[in-house]
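Residue-level listing of the chains:
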Amino acid sequence: MNARPVIMLRLGDWSELAAQATPIRFQVFVDEQQVPADMELDEFDALSCHALALAGEETVGTGRLLPDGHIGRMAVRADWRGQGVGAALLQALIDEAERRGMRRLVLSAQTHALGFYTRFGFVPEGEVYDEAGLPHQMMLRQS
């Protein structure tokens, strides 16, 4: 069995990383989860710090950090899930937030992923709600 390449992380702005991040987001959110395509890209992309997970030259995951400390658009290709890609992306975004002096981070988690985010110090806040037809819950992390 061939070993998978080591995951490398890259942070940058939308103008640098859109071409690599967009296909992952559409594959995960639009194709798999049936989120309407017109909801996937938004005005916050241009304002955010984006993270890519790369396996060699291949993009396998992405996420973003908004200027207000909101982490979102976390997406990992199905064939790379369960291998630490999401954890590496989330930690890179948390580290970048801390580097920028952000002490309060929030995210809107799909309810099936609450346990994942809890491992990084996020705590559920409020009630479960519907976003794009999927159950979500706000989560908060204070440092």
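This text gives an overview of the structure that appears in the document. (Residues numbered from 1 in each chain as written. Predicted model: local features only at pLDDT ≥ 70, side-chain atom pairs only at ≥ 80, totals over all residues. Heavy atoms only, no water.)

1. Details of the pattern of salt bridges
Cut-off, in case you're wondering: Basic side-chain nitrogens of Lys or Arg form a salt bridge, by our definition, when they fall within 4 Å of a carboxyl oxygen of Asp or Glu. Numbering goes from the N terminus for both helices and strands, where a helix is a DSSP run of H or I of at least four residues and a strand is a run of E of at least two. Here's how the labels work: a residue is buried when its accessible area is under 20% of the maximum for its type, exposed when over 50%, partly exposed in between, all with a 1.4 Å probe on protein chains only.
The full count for this structure, using the stated rule, is 13 salt bridges. Between R25 and D45 there is a salt bridge, and its shortest N-O distance comes to 2.8 Å. A residue pair is termed long-range when its members are at least 10 positions apart, and R25 in helix α1 (residues 14-32) and D45 in the loop between α2 (37-40) and β2 (49-55) qualify at 20 residues. The same class applies to R25 and to D45, which are both buried. Across the pair E58 and R77 runs a salt bridge whose closest N-O atoms are separated by 2.6 Å. Of the two residues, E58 is situated in strand β3 (residues 58-65) and R77 in the loop between β4 (70-76) and α3 (85-99); the sequence distance between them amounts to 19 residues. Given the relative accessible area of 11%, R77 is considered buried. Here the salt bridges do not stand alone but share partners, grouping R25, E40, D42, D45, R64 and R73 into one network.

2. Topic: the nonpolar core
This is how it is decided: Think of a nonpolar core as a cluster: buried Ala, Val, Leu, Ile, Met, Phe, Trp, Tyr and Cys residues, connected wherever their side-chain atoms sit within 4.5 Å. Here, two residues are considered to be in contact whenever any of their heavy atoms come within 4.5 Å of each other.
Counting residues in hydrophobic clusters, the biggest one holds 27 residues, and the most contacted among them are L65, I71, L90, L105, Y117 and F122. Mapped by element, the contributors of at least two residues to this core are β2, β3, β4, α3, β5 (104-110) and α4 (114-118). A total of 6 residues in this core trace back to one element, the largest contributor, which is α3. Apart from the residues within four sequence positions on either side, L65 is in contact with S48, C49, H70, I71, L93, E96, A97, R100, M102 and L105.

3. Some remarks on unusual backbone geometry
With a phi angle near 60°, Q34 is a residue other than glycine that sits in the positive phi range. The topology assignment puts Q34 in the loop between α1 and α2. The backbone phi angle of A132 is positive, close to 55°, even though this residue is not glycine. Locating A132 in the fold gives a position in the loop between β6 (123-131) and β7 (134-142).

4. A few points about α3
What counts, and what does not: A helix is expected to span 1.5 Å multiplied by its residue count minus one.
With 15 residues, α3 extends 21 Å from end C-alpha to end C-alpha; this agrees with the ideal 21 Å at 1.5 Å per step. Looking at α3, one finds that the buried residues are V85, G86, L89, L90, A92, L93, I94, E96 and A97. Just downstream of α3, G101 is the residue with a positive phi angle, here 85°.

5. Remarks on the sheet that holds β5
Selection criterion: In this description, strands pair whenever DSSP reports at least two bridges between them. Axis definition: a line fit to C-alpha positions, over the contact stretch in the case of helices; interaxial angles, taken between N-to-C directions, run 0 to 180 degrees.
Within the open sheet, the 7 strands sit side by side as β1-β2-β3-β4-β5-β7-β6. Their pairing is mixed. Of all the strands in the sheet, just β1 (7-12) and β6 have a single pairing partner and so form its edges. Across the sheet, the mean angle from the axis of one strand to that of its neighbour is 25°, orientation sign disregarded. Sheet analysis places β1 next to β2, joined by 6 bridges and oriented antiparallel. Paired with L11 across the two strands is A51, which belongs to β2. Strands β1, β2, β3, β4, β5 and β7 of the sheet are contacted by α3, whose axis makes an angle of about 160° with β4.

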